[in-house]
Structures are given as C-alpha cells and as structure tokens.
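# Fold and contact review
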Amino acid sequence: MKRVDTVWLEVISELLINLAAGWFGASFIVPAISEKPITFNLSILTMDIVMGIVFLATSYKLKKLAKNKRRR
C-alpha cells in the first residue's frame with residue numbers, strides 16, 4: 001500500500017477547516033434570510049451545524065495523523 005505524504009494530510013486538513021467554517025457561517029446566514037417555515041429553518045440549522053462538526057472533527061483527526069507520521 002502506498003504511503004500518504006504528511007503534506008497532503010495537512011493540506012486536506014486545512015481545506016476541511018475552511019469548509020467547516022463555511023458550514024458554521026451558513027448555519028447563521030441561511031435561516032436568517034430564508035422565508036421558509038420555522039421547522040424547515042430548524043432542520044437546515046441542524047444540518048449545517050452537524051456538517052460543520054463533522055468537517056472540524058475530520059480535520060482534527062487528519063492533522064493529528066500527519067503529526068504522528070512526521071514523528072516517525
């Protein structure tokens with residue numbers, strides 16, 4: 001199996017950090033400007049926050065993996 005370079009892990013981690021920031025930003029902007037019913041806005045808010053957390057957690061795991069590979 002081919003080894004993944006630690007630089008690529010860090011690049012993907014930084015990309016996921018930016019995507020998480022976008023999801024968290026969308027969680028504030030979209031429900032505020034939407035003219036949909038409150039239940040629909042609540043589902044969008046929940047999805048945006050969950051996706052932000054998923055991207056943030058994945059970014060953390062990749063950054064930690066890159067740091068561990070660099071030590072070896």
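Going by the structure above, here's the rest.
The sections below set out a description of the structure shown in this document. (Residues numbered from 1 in each chain as written. Predicted model: local features only at pLDDT ≥ 70, side-chain atom pairs only at ≥ 80, totals over all residues. Heavy atoms only, no water.)

Check the secondary structure of the chain and you find two helices and zero strands. Taken over C-alpha atoms, the radius of gyration comes to 16 Å for the chain, far larger than the 11 Å a tight globule of 72 residues would show. The principal-axis extent of the C-alpha atoms belonging to the chain is close to 55 × 20 × 15 Å. When the 72 residues of the chain are sorted by exposure, 21% land in the buried category. (Helix = DSSP H or I, 4+ residues; strand = E, 2+ residues; numbered from the N terminus. Rg over C-alpha atoms; globule rule 2.2 N^0.38 Å. Buried < 20%, exposed > 50% of the residue type's maximum accessible area, 1.4 Å probe, protein only.)

This part takes up the pattern of salt bridges. A complete count under the given rule lists two salt bridges for this structure. Note that glutamate 10 is salt-bridged to arginine 70, the shortest N-O span being 2.1 Å. Taken as a pair, glutamate 10 in helix H1 (residues 6–33) and arginine 70 in helix H2 (residues 38–71) lie far apart in primary sequence, 60 residues in all. Exposure remark for glutamate 10: the relative accessible area of 24% places this residue in the partly exposed category. A salt bridge links lysine 63 to glutamate 14; the shortest N-O distance between them is 2.8 Å. On the criterion of sequence distance, the pair formed by lysine 63 in helix H2 and glutamate 14 in helix H1 is long-range, its members being 49 residues apart. (Salt bridge = Lys/Arg side-chain N within 4 Å of Asp/Glu carboxyl O.)

Between its terminal C-alpha atoms H1 stretches 41 Å, which fits the 40 Å expected from 28 residues at 1.5 Å a residue. Maximal helix bending in H1 amounts to about 30°, located at alanine 26. Burial in H1 covers these residues: Thr6, Leu9, Ser13, Leu16, Ala20, Ser27 and Pro31. (Expected span 1.5 Å × (residues − 1). Bend = angle between axes of the 7 residues up to and from the residue.)

Turning next to the packing of aromatic side chains. Under the definition given, this model contains zero aromatic pairs. Lysine 36 extends its terminal NZ or CZ atom over the ring of phenylalanine 40, reaching a point 6.0 Å from the ring centre. (Phe/Tyr/Trp six-rings, centres within 6.5 Å; stacked < 30°, edge-to-face > 60°. Lys NZ or Arg CZ within 6 Å of the ring centre and 35° of its normal.)

There is a patch of nonpolar side chains on the surface, built from Val4, Val7, Trp8, Val11 and Ile12 and spanning about 470 Å² of accessible area. With respect to the helices, strands and loops of the structure, valine 7 is situated in helix H1. (Patch = residues over 30% accessible without salt bridge, like charges linked within 9 Å, V, L, I, M, F, W, Y side chains within 5 Å. Areas by Shrake-Rupley, 256 points an atom, 1.4 Å probe, with all protein chains shown as cover.)

Everything listed is a geometric property; what it means functionally is a separate question.
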